[in-house]
Amino acid sequence: MRRTICSLKAYDYVVVGGGSAGCVMANRLSQDPNVLVCLLEAGPAADDSVLVSMPLGCGFLLPTWGNDGKYRLTGRQKLNWGYWSEPGLNGKPTYLPRGRCLGGSSSINALIYNRGNKGDYDAMEERFKLRGWNWKECLRAFKTQEANAAFNGKPPCVNSVAIDEEFHGASGELVVENGPQFGLYGELEEAFLAAVGKELDLPLVDYNTGSNEGRFYYQSNTNDGVRWNGSRAFLQPVRGRSNLTIITGAHATKLLFDKGDEKKVTGVQYAPVGDNGKAKSNATEKVEARERVVVSLGAFGSPQLLQLSGVGERKELERLDIAVRHHLPGVGKNLRDHMDITMYAESQPHVQTSSAHPAALPRKLTVDMNNWKKGGEKRRRSPWSMIPSSTGFCVRTKHVKETDSTYNRPDIQGHFVPGKFKDHARGPVFRPGYALRTCLLYPESHGTLQLKSKDPFAYPKIEPNFLSAESDVEILTEGVRLSVDVMNSTAFDTVRKGSSDIPDVRQYVRDNVDTVYHPVGTCKMGHDDMAVVNDRFSVHGLKNISVIDASIYPQLPGGNTNAPTMMLAQRGAEFIKANDL
């Protein structure tokens with residue numbers, strides 16, 4: 001379809017994508033009142049959405065339907081891109097939810113605040129030769145953003161570990177609360193932590209100090225029962241800045257280049273869209289960036305926009321008749337994601353769980369939701385204030401000595417869920433119970449993202465290649481065996497009904513592997529031929545453009561990826577403001 005260009009507006013910086021990284025970039029770059037900043041976001045603001053604000057509202061935002069290559073953005077799905085992979089292991093496609101609103105995936109995720117292991121960041125400097133990327137510098141950036149509840153007048157939680165100011169910040173915008181949360185599912189949480197201590201011999205720890213082996217209550221981006229996403233933390237407080245323009249409903253279609261210098265990026269073209277994701281007309285808008293365009297569309301969106309603009313693997317672009325602006329073969333390669341395996345147990349009738357049993361839904365959707373809306377103590381006691389996974393562990397398997405002898409990092413993470421769920425919360429659960437997700441932290445398997453067509457609204461071709469490396473099968477199999485020991489521990493005797501045995505663990509892994517929603521790496525940082533950006537986020541071979549989001553990580557951080565994404569945006573803004581590019 002031919003689209004008409006109808007206007008051009010000029011700014012100093014244009015940030016494309018209002019997700020976890022984009023919210024930070026817009027905030028930090030607009031701190032200087034002498035520069036004009038524009039933030040483009042395809043989705044709506046959603047700041048007033050109850051489902052976004054309620055922590056457990058993600059159970060309604062994660063699901064979507066259809067794997068025919070079309071986005072499902074009607075009704076509640078307008079806040080979720082709802083990607084699907086190509087058919088992979090066992091011939092099945094993988095469902096890949098990503099946030100489509102201000103705050104991005106921090107608006108629909110499970111709210112866990114997890115930095116990973118200090119070795120993740122030291123490895124970037126030592127193994128990948130990325131200047132200044134180490135635990136010391138990254139910890140400084142983490143603390144700059146953090147407003148930990150332990151330092152802001154809230155009493156310490158019962159059974160929670162001490163929060164040390166050496167590792168945590170008090171004066172940032174990103175609120176972090178320390179579990180346990182309100183005690184609603186305390187019987188299950190305490191049984192789980194006791195089981196991990198008994199079966200895996202792990203101590204209770206603060207896992208965000210750089211050393212994350214142990215059992216723990218998850219820290220969360222919540223504030224008295226309200227989701228504290230990227231938008232609420234970094235955009236809402238500064239929306240009144242006269243030098244910051246936020247444009248929602250702006251679907252980026254391509255980058256713009258200087259007519260006299262084909263390697264210089266000068267702006268962004270976008271199509272105005274409605275909440276359903278469809279273009280409002282054939283007209284498109286242009287925004288000019290006098291200093292720099294910052295692409296922050298995430299591990300799926302950023303490589304897609306680069307490829308649509310003629311930046312990527314030459315053969316792949318020519319196949320779709322896209323004019324090659326810059327041959328950069330690493331765009332869309334090195335897709336890495338955390339794989340996990342979920343196992344379930346049925347609970348005793350007296351045990352309170354978060355399972356969405358059909359008979360319980362009327363109360364959850366009326367009384368409990370109304371209590372959440374009332375605020376105060378009623379909100380704190382509402383199930384909608386709970387994060388989906390409140391406790392967990394990190395442990396080293398026997399494979400660590402072979403795969404990570406330098407940093408000796410835990411290679412398995414457990415997410416305990418005090419309820420049962422089915423198929424990304426898309427199906428009803430008829431028996432109450434609980435679940436344990438076993439996550440592989442450093443997979444060797446990696447995949448690709450390519451365009452299917454040059455239509456900017458078309459679904460990209462995503463191939464995660466889960467379990468393509470046999471070492472991943474071995475480590476996950478051992479991890480699941482450890483989880484079976486935990487789930488069958490006598491510590492669960494008073495809450496469990498039946499056992500959680502898995503006869504053939506290796507086959508169970510192959511049959512049930514899935515994503516835990518942490519894609520990174522498709523515009524990786526580095527100096528080799530497949531690197532897309534340098535260690536200051538500038539795109540190799542181009543001028544006036546940075547990619548700043550989770551796509552730049554050369555390897556996965558050893559934990560949930562939202563906090564590391566916000567941290568790297570903090571550093572990215574510092575680099576730009578210091579002209580260290």
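Check the entry above for the structure.
Counting restarts for each chain: residues are numbered from 1 in the order of the written sequence. With the structure being a predicted model, the display of local features is reserved for residues of pLDDT at least 70 and the display and counting of side-chain atom pairs for 80 or more, all residues being used for whole-chain, interface and lining totals. Only hydrogens and water are set aside when side-chain values are computed; all heavy atoms of the structure are taken into account.

## What about the overall build of the chain?
Where we set the bar: Each helix is a run of DSSP H or I of at least 4 residues and each strand a run of E of at least 2, with the numbering of both proceeding from the N terminus. It is over C-alpha atoms that the radius of gyration is taken, and the globule rule equals 2.2 Å times the number of residues to the power 0.38. Between buried and exposed lies partly exposed: a residue is buried under 20% and exposed over 50% of the maximum accessible area for its type, with that area taken using a 1.4 Å probe on protein chains only. A contact between two residues is defined here by any heavy atoms of the two lying within 4.5 Å. Per-residue and other accessible areas follow the Shrake-Rupley method at a 1.4 Å probe size, with only the shown protein chains counted as cover for residues. A residue counts as positive if it is Lys or Arg and as negative if it is Asp or Glu; His and the chain ends are not included. One atom stands in for each charge, and that atom is NZ of Lys, CZ of Arg, CG of Asp or CD of Glu.
Assigned secondary structure in the chain consists of 15 helices and 23 strands. Computed over C-alpha atoms, the radius of gyration of the chain comes to 23 Å, within 12% of the 25 Å expected from 2.2 N^0.38 for 581 residues, which places it in the range of a compact globule. For the C-alpha atoms alone, the extent of the chain along its principal axes is close to 75 × 50 × 45 Å. Split into buried and exposed, the 581 residues of the chain put 63% on the buried side. Across the chain, contacts joining residues at least 24 apart in sequence account for 71% of those joining residues at least 6 apart. Here the chain has roughly 21,600 Å² of accessible surface; of this, 48% comes from carbon and sulfur atoms. On the chain, the mean spot of the 71 positive side-chain charges and the mean spot of the 65 negative ones are 6 Å from each other.

## A short note on the packing of aromatic side chains
Our working rule: Stacked, tilted and edge-to-face pairs are distinguished by plane angle, under 30 degrees for stacked and over 60 for edge-to-face with tilted covering the rest, among Phe, Tyr and Trp rings (Trp via its six-membered ring) whose centres lie within 6.5 Å.
Summed over the entire model, instances satisfying the criterion amount to 19 aromatic pairs. Note on Tyr 121 and Phe 142: the rings are 6.0 Å apart at their centroids and 80 degrees apart in plane angle, and the pair reads as edge-to-face. Of this pair, Tyr 121 sits in helix α4 (residues 118-126) while Phe 142 is found in helix α5 (residues 135-145), placing the two residues 21 residues apart along the sequence. Each member of the pair, Tyr 121 as well as Phe 142, is classed as buried. Judged by centre distance (4.4 Å) and plane angle (40 degrees), the rings of Tyr 207 and Phe 216 are tilted. With respect to burial, Tyr 207 and Phe 216 carry one shared label: buried. Here the aromatic residues Phe 192, Phe 393, Phe 416, Tyr 434 and Phe 492 are joined through ring pairs into a cluster of three or more.

## What to know about the sheet that holds strand β6 (residues 174-178)
Applicable threshold: Whether two strands pair depends on DSSP finding at least two bridges between them. Every axis corresponds to a line fitted to the C-alpha atoms, with the helix fit spanning only the stretch in contact, and the corresponding angles, defined between N-to-C directions, vary from 0 to 180 degrees.
Strand order in this open sheet of three strands is β5-β6-β8, and the pairing throughout is mixed. Bordering the open sheet on either side are β5 (146-148) and β8 (219-220), each of which pairs with just one other strand. Where β5 lies against β6, three bridges are found, and the strand directions are parallel. Counterpart to Glu 146 in the pairing with β6 is Leu 174. The strands that α5 touches are β5 and β6; relative to β5, the one it contacts most, it runs at about 65 degrees.

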